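This is what each chain is made of:
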Amino acid sequence: MSSSPLSPAAWLRGSRRPTWLSDPKVLRTEVLAGLVVALALIPEAISFSVIAGVDPAIGLFASFTMAVTIAIVGGRPAMISAATGAVALVIAPLNREHGFGYLVAAVILAGVIQIVLGALGVAKLMRFVPRSVMVGFVNSLAILIFMAQVPEMTDVPWPVYPLIAAGLALMVFFPKVTKVIPAPLVSIVILTVITVAAGITVPTVGDKGKLPSSLPVPGLPDVPFTLDTLTTVAPYALAMALVGLMESLMTAKLVDDITDTHSSKTRESVGQGIANIVTGFFGGMGGCAMIGQTMINVRVSGARTRLSTFLAGAFLMVLCVVFGPVVSDIPMAVLVAVMVMVSVGTFDWHSIAPKTLKRMPAGEITVMLITVACVVATHNLAIGVVVGSITAMVVFAKRVAHLAEVTAVTDPDGTSVIYRVTGELFFASSNDLVGRFDYARDPDKVVIDLSAAHIWDASSVAALDAIETKYAQRGKTVRITGLNEPSARIHDTLSGELSGHH
């Protein structure tokens, strides 16, 4: 799928007939994957509601509307979007200081901002995220998923530990028997039945919060529609829009790699906006792509189509509204086991293998480690990606800066000298260019041959101007030759214009 704009009809229709309509095997995989994800979404959505300081139903409603909407308008099939911790952290202060109405208004405005950013092509910025940042992102994500389970494993009744061990064992060994039914689903069902039948007292999903007993109802946010309200919610909405887009686009890229397929990042950006607007009007707390749940869907359950995403949302509401009492009895230990397996499966173990580390340039390893450290320290994937990308650019600039070389050849008659410059001339490499010329001892005619170089920015033009000025002060002439077309264009435009005195 390309990133080019789609007509409304093509948007809804998709590129071809869904495979699950004609292949019962695919249909079964998608349905069961949707069910597993829905079960895993419930405690997560409730936890994120607690972070945001809202009723558990708000997080569950958001997960339902986000998943169902993104399944239709999103650009990456099989990716799960729902209420997330990153978004909850951003909007929690707004809810605390101004109330729930302002939170809902911020979610709707964030959706509008995401649509605008998507239409402006912000998704294209993803090409500037280096592989080392992507690996760091994946590894830090695996660490965060695991760390989120630690509170569920501390200060708990002792039966929790055998339950987690049994859940992990079932998920490791059951696929060797059959892969028809997802191992996490088998694990959840078997261990819930055993826990309830034996009357084992352990923390359950119900302990996280009360499940809703009815569907969400659309309505407008309860805020005064004034400029003051807009200025209050705008900073939070912008932060939520940026964090949500970054997490969603990084997740989409990850799913592309896992499934060896392409997805429309522009459509995904706009789709996230639409999903947040819908979620806001239904009184939800907003969200973005969920990497843990997406990994359960794509990597663990083998889902590949929009149906699993749609059903994850639909099953979520059915489970809460119709089967609330049953779902409330699911032990948290089983869901912890599922997320631990997701964490282990998500981590890129190859990236930290001694053989890989030996071959990898030190700069790449540094970028990966900085990305991981930032994400784990801040619990914010967006901050890690930004810091990691900036570090990668600095490492790259430093590496490329050393590639600019200057060699001098003096004519046998001693009347002129040719300086041959090779490499990329930009702010980092052009800084020490000025010091590579012998202004005092060179003959009167100086030729600077740039046929093996490329001028990238104003810093390089300023450096060349400075060289010409230094020679002119000594009554010597400089001729610049060999400029390629783009270099000549930037040089002709800026030469002589960069200092205050011409």
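Residues numbered from 1 in each chain as written. Predicted model: local features only at pLDDT ≥ 70, side-chain atom pairs only at ≥ 80, totals over all residues. Heavy atoms only, no water.

**Student:** How would you summarise the overall build of the protein chain if you had to cite specific residues and measurements?
**Tutor:** Scanning the protein chain for helices and strands turns up 20 helices and six strands. The buried share among the 502 residues of the protein chain stands at 52%. Residue pairs in contact within the protein chain that sit at least 24 positions apart in sequence constitute 84% of those at least 6 positions apart. On the protein chain, roughly 22900 Å² of surface is accessible, and the fraction owed to carbon and sulfur atoms is 66%. Distance between charge centres in the protein chain, computed from 34 positive and 33 negative side chains, equals 9 Å. (Helix = DSSP H or I, 4+ residues; strand = E, 2+ residues; numbered from the N terminus. Buried < 20%, exposed > 50% of the residue type's maximum accessible area, 1.4 Å probe, protein only. Contact = heavy atoms within 4.5 Å. Areas by Shrake-Rupley, 256 points an atom, 1.4 Å probe, with all protein chains shown as cover. Lys, Arg positive; Asp, Glu negative; His and termini not counted. Charge placed at Lys NZ, Arg CZ, Asp CG, Glu CD.)

**Student:** Break down the packing of aromatic side chains for me, citing the residues and quoting the values.
**Tutor:** We describe a pair of aromatic rings using the distance from one ring centre to the other and the angle between the two ring planes. The tally for this structure, following the rule as stated, stands at six aromatic pairs. On the numbers, 5.1 Å between centres and 80° between planes, the contact of Phe 426 with Phe 427 is edge-to-face. Among the residues examined, Phe 426 registers a relative accessible area of 10% and is labelled buried. Here a set of aromatic residues connected by ring pairs shows up, and it is made of Tyr 419, Phe 437, Tyr 439 and Tyr 471. (Phe/Tyr/Trp six-rings, centres within 6.5 Å; stacked < 30°, edge-to-face > 60°.)

**Student:** I'd like to hear about unusual backbone geometry, residue by residue, with values.
**Tutor:** In this structure, Ala 78 takes a positive phi of about 75° despite not being glycine. As for its placement among the helices and strands, Ala 78 is situated in the loop between helix H3 (56-73) and strand S1 (81-82). Of note, Asp 155 is a non-glycine position whose phi angle comes to about 50°, a positive value. Inspection of the secondary structure assignment puts Asp 155 in the loop between helix H6 (131-149) and helix H7 (160-177).

**Student:** Would you mind going over the pattern of salt bridges in detail, with residue names and values included?
**Tutor:** Throughout the structure, instances matching the rule amount to seven salt bridges. Linking Arg 420 and Asp 449 is a salt bridge whose minimum nitrogen-to-oxygen distance equals 2.6 Å. Here the residue Arg 420 occupies a position in strand S4 (residues 416-425), and Asp 449 occupies one in strand S5 (residues 445-455), the gap between them amounting to 29 residues. Residues joined by salt bridges that share partners form a network here, namely Arg 76, Asp 256 and Lys 265. (Salt bridge = Lys/Arg side-chain N within 4 Å of Asp/Glu carboxyl O.)

**Student:** Can you break down the side chain of Asn 276 residue by residue, with the values?
**Tutor:** Note on placement: Asn 276 falls in helix H10 (residues 265-281). The residues contacting Asn 276, other than those within four sequence positions of it, are Met 66, Val 107, Gly 111, Gln 114, Met 240, Gly 286 and Gly 287.

**Student:** Tell me about helix H16 (residues 362-378), and please be specific about residues and values.
**Tutor:** Under the 1.5 Å per step criterion, the end-to-end length of H16 is 24 Å for 17 residues, consistent within 8% with the ideal 24 Å. Those residues of H16 that fall on the buried side of the exposure criterion are Gly 363, Ile 365, Val 367, Met 368, Thr 371, Val 372, Cys 374 and Val 375. Against the buried residues of H16 lie H6, helix H15 (354-359) and helix H17 (381-401). Backbone geometry just downstream of H16 places His 379 in the positive-phi region, at approximately 60°. (Expected span 1.5 Å × (residues − 1).)

**Student:** Go over empty space enclosed by the protein, please, and point to the residues and values.
**Tutor:** As enumerated under the stated definition, the model contains one cavity of 30 Å³ or more in all. Of the pockets and cavities examined, the largest cavity occupies roughly 50 Å³. Ile 70, Ala 71, Arg 76, Pro 77, Ala 78, Met 79, Ser 81, Glu 268, Gln 272, Arg 306 and Thr 309 together form the lining of the largest cavity. Mapped onto the lining of the largest cavity, the elements with two or more residues apiece are H3, H10 and helix H12 (306-321). (1 Å grid on protein atoms, 1.4 Å probe; cavity = no way out; pocket = protein on both sides within 12 Å on 5 of 7 lines; lining within 4 Å. Points joined across faces, edges and corners; volume = space filled by probe spheres on them.)

**Student:** Report on the pairing of strand S3 (residues 405-410), specifying residues and quantitative values.
**Tutor:** In the sheet, S3 pairs with S4 via six bridges, with the strands oriented antiparallel. Along S4, the bridge assignment pairs Thr 407 with Arg 420. Connecting S3 to the next strand, S4, in antiparallel fashion are five residues, including Gly 414 with a positive phi near 75°. (Pairing = 2+ DSSP bridges.)

**Student:** Quick rundown of H10? Include the residues and the values.
**Tutor:** Over its 17 residues, H10 runs 25 Å from end to end, which matches the ideal 24 Å to within 8%, given 1.5 Å per residue. Taking burial as the measure, the 17 residues of H10 include 14 buried ones, the bulk of the element. Following H10 by one or two positions, Gly 283 has its phi on the positive side, about 75°.

**Student:** Tell me about the nonpolar core, residues and numbers included.
**Tutor:** In this structure, Ile 42, Leu 60, Ile 91, Met 285, Ile 296 and Leu 316 are the most contacted members of the largest nonpolar core, which totals 95 residues. Top element by residues in this core is helix H2 (residues 24-52). It accounts for 12 residues. In contact with Leu 60, other than residues within four places in its own chain, are Ile 42, Ala 45, Ile 46, Leu 211, Pro 212, Leu 316, Met 317 and Cys 320. Counting residues in hydrophobic clusters, the runner-up holds 21 residues, among them Ala 404, Val 434, Ile 448 and Ile 455. (Core = buried A, V, L, I, M, F, W, Y, C linked by side-chain atoms within 4.5 Å.)

**Student:** Pulling in residues and values, what's your account of the state of the cysteines?
**Tutor:** Enumeration over the complete set of coordinates arrives at zero disulfides. With no disulfide of its own, Cys 320 lies 20 Å from the sulfur of Cys 288, the closest cysteine sulfur. Relative accessible area serves as the criterion here: at 3%, Cys 320 is assigned to the buried category. Free of any disulfide, Cys 374 has its nearest neighbouring cysteine sulfur in Cys 288, separated by 19 Å. According to the relative accessible area criterion, Cys 374 is buried, its value standing at 18%. (Disulfide = S-S within 2.5 Å.)

Keep in mind these numbers describe shape, not what the thing actually does.
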